[in-house]
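Architecture and fold: a report
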Amino acid sequence: PLRLYLSGALRVLPASPALRANIVPVDYVADAVVRLTFDRRAEGLTFHLTAPYASLPRAAELISAVRAWAREHLGLRLPRPLFLPLPEWAVRAGLRLMPAATAGTCLAALAPYFRERRRFRRDNADRLLGPYPVRWREMLPALMDYAVRRGFLHRSGRTVHEQILYRLESRRRPVTYHDVVEGQIVTRSACAVRHEMLAAAAALRALGVGPGDRVAVVGFNSTRYLAIDVAIGLVGAVSVPLYYTSPAAELEAIVRASGARALFVGAPRLFAALDRLAAGLPVISFCRGALSEEAPRRAMAWDDFLALGAAGEPLDHSPAGLGDLATIRYTSGTTSRPKGVTFTQAHLRWMAECLASLLPWRARTTRASYLSFLPMNHVVEGILATYAPYYIPAPVDIYFLEDLHDLARALPR
């Protein structure tokens, strides 16, 4: 609830202003556990390691202190919330909060935070540990600073690819895509790109690509590149992105070394080397327009590839776990033969969440624009940057720059 309140999404609190907020410092709990473990008098007893009820802040007091902290440390002037206690039947009915600014925030999800009616008994704790008057006003600044820096520890079990699909359905925090091609900006909706991701995943499965299989990708930055990346993750496969500037012999060596089951090509000039590059592999073009005349006959056009999955069941979740291999990123080869560096699904998610949390709170919760211009196979663009926008709690415009040389012209726009 505090995260929603700070981001402007929650103006109505379905609770009494007199409700006690249960704050339990972890250092107190840890110290108490250690002391009681070695105290024979504690054997067979039950301990509620909570703060005394009378020392807990009331909801109105806590919100007032949070508003003062946000004004001083974040430069936010938060409005006073409306405390609106609701009967139990309203919560069970799943009514939605009003006004419209809070639409989509379901009471059923928030109700447990505002329905605390228990008083924990501290008889045994007071007798063996002594009284503990929690000083919540002293703790609040450190607590809020940590929470804001860590995004309020907002976590899910989703992989980054599942998170992208999930986020693209958001109406309150929409994502809008733009391909920057030859000085022109081509805008695409989140719905269209999401549909392409699902179709690409179904098509990969139709090609027999599954969990653990390697899939090589080489080409310019674009929404299609992103769709391929997400599709690979959705089938549980492992992406092997390559530099489109690498010599053909180097690309061939990496494709063979990685054991790639398919190759996506999004740079027309590379088609001339394809016969040597990937003999026997399915080759799919994600270049703009029709297939190049230099493309080998076995190369498949993008639309034909997507059509492969038309009859398949759409995937909206991945068989991959967070400990599974997600991608192999090869070094550029400037110092020696390119080396493949492995990253798990947990690596990708951790870096995406951390990068999003580095933004100051005001920037993190207001509309953002992101320009993808470094090659997407590079770890900075393809791992640190590609997934982070989907963890930012604000609307996002994402631009993919096809030609790196157009950066000076595109960035001011």
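**Some points on the packing of helix H9 (residues 190–206) against helix H10 (residues 223–234)**
- As a packed pair, H9 and H10 sit with axes 8 Å apart at the nearest point and diverge in direction by 50°. One way to sum up the angle between H9 and H10 is to call them oblique. Like other packed secondary-structure pairs, H9 and H10 cross with a definite hand, here right-handed. Together, Val193, Glu196, Met197, Leu198, Ala200, Ala201 and Leu204 of H9 and Thr223, Arg224, Leu226, Ala227, Val230, Ala231, Ile232 and Leu234 of H10 make up the contact between the two elements.
- The residue inventory of the contact of H9 with H10, partitioned by class, reads 12 nonpolar, 1 polar and 2 charged.

**Digging into the confidence of the model for the chain**
- This prediction gives the chain a mean pLDDT of 88; 90% of its residues lie at or above 70.
- When mean pLDDT is compared element by element in the chain, H10 scores highest at 98, while helix H4 (residues 88–92) scores lowest at 60.
- For residues 97–105, every residue scores under 50 in pLDDT, and the model assigns this stretch 20 contacts once sequence neighbours within four places are set aside.

**Observations concerning the nonpolar core**
- Formed by 53 residues in total, the largest nonpolar core has its most connected members in Ile164, Tyr177, Met197, Phe264 and Phe305.
- Here this core takes 9 residues from H9, the largest share from any one element.
- When residues no more than four places from it in sequence are discounted, the contact partners of Ile164 are Tyr177, Met197, Leu226, Val230, Tyr387 and Tyr390.
- With 27 residues, the next largest nonpolar core counts Ala59, Leu76, Leu78 and Trp361 among its residues.

What counts, and where the lines are drawn
- Numbering of residues starts from 1 in each chain and follows the order in which that chain's sequence is written.
- Predicted model: local features are reported for residues with pLDDT of at least 70 only, side-chain atom pairs are reported and counted for 80 or more only, and whole-chain, interface and lining totals are derived from all residues.
- Just so you know, side-chain values use all the structure's heavy atoms and leave hydrogens and water out.
- All axes are obtained by fitting lines to C-alpha atoms, using only the stretch in contact for helices, and the reported angles, taken between N-to-C directions, cover 0 to 180 degrees.
- Numbering goes from the N terminus for both helices and strands, where a helix is a DSSP run of H or I of at least four residues and a strand is a run of E of at least two.
- Note that the term roughly parallel is reserved for angles under 35 degrees, roughly antiparallel for angles over 145, roughly perpendicular for angles of 65 to 115, and oblique for everything else.
- Take the far helix as the reference: if the near one is turned anticlockwise from it by less than a right angle, the crossing is left-handed, and if turned clockwise, right-handed.
- Working rule for contacts: check all heavy atoms of both residues, and any pair within 4.5 Å makes them a contact.
- Polar here means any residue outside two lists: the nonpolar Ala, Val, Leu, Ile, Met, Phe, Trp, Tyr, Cys and Pro, and the charged Asp, Glu, Lys and Arg; Gly therefore counts as polar.
- Confidence of the predictor in every single residue is expressed as pLDDT, which spans 0 to 100.
- Only buried residues count toward a nonpolar core, which is a set of Ala, Val, Leu, Ile, Met, Phe, Trp, Tyr and Cys residues joined through side-chain atoms within 4.5 Å.
- Throughout this description, buried means an accessible area under 20% of the type-specific maximum (1.4 Å probe, protein chains only), exposed means over 50%, and partly exposed covers the range between.

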